[in-house]
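One-letter residues, chain by chain:
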Amino acid sequence: MKILVIGSGGREHAIAWRLSLEGHEVIGAPGNPGVAQVGRVVNSMNYLSVAESSSADLTVVGPEIPLAAGIVDQFRARGLSIIGPTQEQAQLEASKIHAKEFMQRTGIPTARFARTNSEETAIAALKAFPFPVVVKADGLAAGKGVIIAHDRAEAEAAVQTLGPHLVIEEFLIGEEVSFIVISDGRDAVPFEATQDHKTIYDNDTGPNTGGMGAYCDGRILSASDTSNIMETIINPTIRATGFTGFLYAGLMMTADGPKVIEFNVRLGDPETQPLMHRMEGGFGDTLMRAVKGSLKGVTLKWKADPSVCVVLAASGYPGTVRTGNVITGIEASIEECGAQVFQAGVKNGSNGLETAGGRVLGVTASGRDLATAIGNTYAAVGQIHFDGMQYRKDIGKKGLKRWPRTRPA
């Protein structure tokens, strides 16, 4: 098939890489230098025009902004095949208030919350919650619109930073899991569970980011956990909305069972990188079956080896970032360490590949067990350099606490 991949980040490079491995012809719009290594890049954001002029059989949308703007409705109106939710369905991510009220109506387990529309109502609402408390901006915020406030002063500062349209909710205790499915509007195929690492510093400290790394391991959820999540969260959401495309449930596995922290309406970033790395194949065919409404009975196959992705970020991220620094060592990371290096905030400069955004690269590798996968990934990270490079040193280590023993030979 000829498949158009919309977006320019590490997620889109990983999608394009997986599809190219399966023999599909990939077009990236606007793409990035990494996508250009596995397909053809069209430097355009007129996605309808690119799809029509290239005669794409299918379009896959990476980022949330085009989805929230109604790109799926526009493509379908022109008779073009596309993976994703309608503009109405995309409100599950585009508005935290909409999502929380939807979950409340539908009986989907989530944290207790209050919605606010002014600084005054937000300050008043804080009285109903113990600390720590979670303060969320209503709209799209690239993963950075959430502040966990540990006392009243921090909470009031968060209101002033993010307000006035907010969700204030109770802080949930448990292990965080990213659970993604692909849906045709009736049936859904789950992906393997992953775990994202949101904050900038080790041990889950510092401000939230778009994600500093993730790992994918078949042991993150049990079969009964997966079945419970499908029955109590995913299937009710699809039945109520007719949702099509990728539905991402960010979950907290609490003592009372899984609860939804947030919904996204696309593949996660950086979760996509270890997912695409671990997938055995059949991704392109599954995408087309989703478009045709024929996912019933479909399953995806996964390699036994866990995969780990470590994000290398630019100086200043998640605040004001420095760009234009030359990147070296990607080839050694791939050739000597066996990693895949998914490109995100990069550009081709006069001296080679340069930094051009906050999250620059997603270094991804696997291993016979999680400890080996982590070691392989960080060995590959050690080959790469650019001025100001920052990254977390503990990606995947929560899993090591759960499964301290390596897999027997």
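Above this text sits the structure in question.
First things first, this report covers the structure right here in the doc. Since the model is a prediction, treat every value here as computed from it, not as a measurement.

**A look at the layout of surface pockets**
Of the voids in this model, the second largest pocket is the one considered here, and its volume is about 230 Å³. Lining the second largest pocket are 15 residues, with Gln37, Ile330, Glu331, Ile334 and Gln343 sitting closest to its centre. Counting only elements with at least two residues in the lining of the second largest pocket, the list comes to helix H1 (10-21), helix H2 (33-38), helix H13 (330-337) and strand E21 (340-343). A per-element tally of the lining of the second largest pocket places E21 first, with 4 residues.

**Overview of empty space enclosed by the protein**
Summed over the entire model, instances satisfying the criterion amount to 1 cavity of 30 Å³ or more. In terms of lining, the largest cavity is formed by Lys96, Ala99, Lys100, Met103, Lys136, Val167, Glu169, Ile261 and Glu262. Among the elements of the structure, helix H7 (96-106), strand E9 (166-170) and strand E17 (257-264) are those that each provide at least two residues to the lining of the largest cavity. Per-element tally for the lining of the largest cavity: the top contributor is H7, with 4 residues. When its residues are assigned to classes, the lining of the largest cavity shows 4 nonpolar, no polar and 5 charged.

**Some thoughts on the pairing of E9**
Most of E9 sits inside the fold, with 4 of its 5 residues counted as buried. Where strand E6 (residues 113-116) lies against E9, 4 bridges are found, and the strand directions are antiparallel. Residue pairing in the sheet places alanine 114 in a bridge with isoleucine 168 of E9. With 5 bridges joining them, strand E7 (residues 133-137) and E9 adopt antiparallel strand pairing. Pairing of valine 134 across the sheet is with glutamate 169, part of E9.

**A short note on the nonpolar core**
Within the largest apolar cluster, 67 residues are counted, with the highest numbers of intra-cluster contacts made by Ile71, Ile234, Ile327 and Leu361. The element best represented in this core is helix H14 (residues 370-381), accounting for 6 residues. Discounting residues that sit within four places of it in the chain, leucine 361 has contacts with Val310, Val311, Leu312, Ile327, Ile330, Val341, Phe342, Gln343, Val346 and Ile384. One finds Trp17, Val60, Ile182 and Met288 within the second-largest nonpolar core, a separate group that totals 32 residues.

**As for the sheet that holds strand E8 (residues 146-149)**
Sheet strands line up and pair through hydrogen bonds in the backbone, either parallel or antiparallel. Spatially, 4 strands are ordered E6-E9-E7-E8 in an open sheet, and the strand pairing comes out antiparallel. Taken across any chain shown, the strands that pair with only one partner, and hence form the sheet edges, are E6 and E8. Going from strand to strand, the sheet's axes swing by 20° on average, the running direction of each strand aside. The strands touched by helix H9 (residues 152-162) within the sheet are E7, E8 and E9, with E8 carrying the most contacts at an inclination of about 165°.

Rules of the game
Residues numbered from 1 in each chain as written. Predicted model: local features only at pLDDT ≥ 70, side-chain atom pairs only at ≥ 80, totals over all residues. Heavy atoms only, no water. 1 Å grid on protein atoms, 1.4 Å probe; cavity = no way out; pocket = protein on both sides within 12 Å on 5 of 7 lines; lining within 4 Å. Points joined across faces, edges and corners; volume = space filled by probe spheres on them. Helix = DSSP H or I, 4+ residues; strand = E, 2+ residues; numbered from the N terminus. Nonpolar A, V, L, I, M, F, W, Y, C, P; charged D, E, K, R; others polar. Buried < 20%, exposed > 50% of the residue type's maximum accessible area, 1.4 Å probe, protein only. Pairing = 2+ DSSP bridges. Core = buried A, V, L, I, M, F, W, Y, C linked by side-chain atoms within 4.5 Å. Contact = heavy atoms within 4.5 Å. Axes fitted to C-alpha atoms, helices over the stretch in contact; angles between N-to-C directions.

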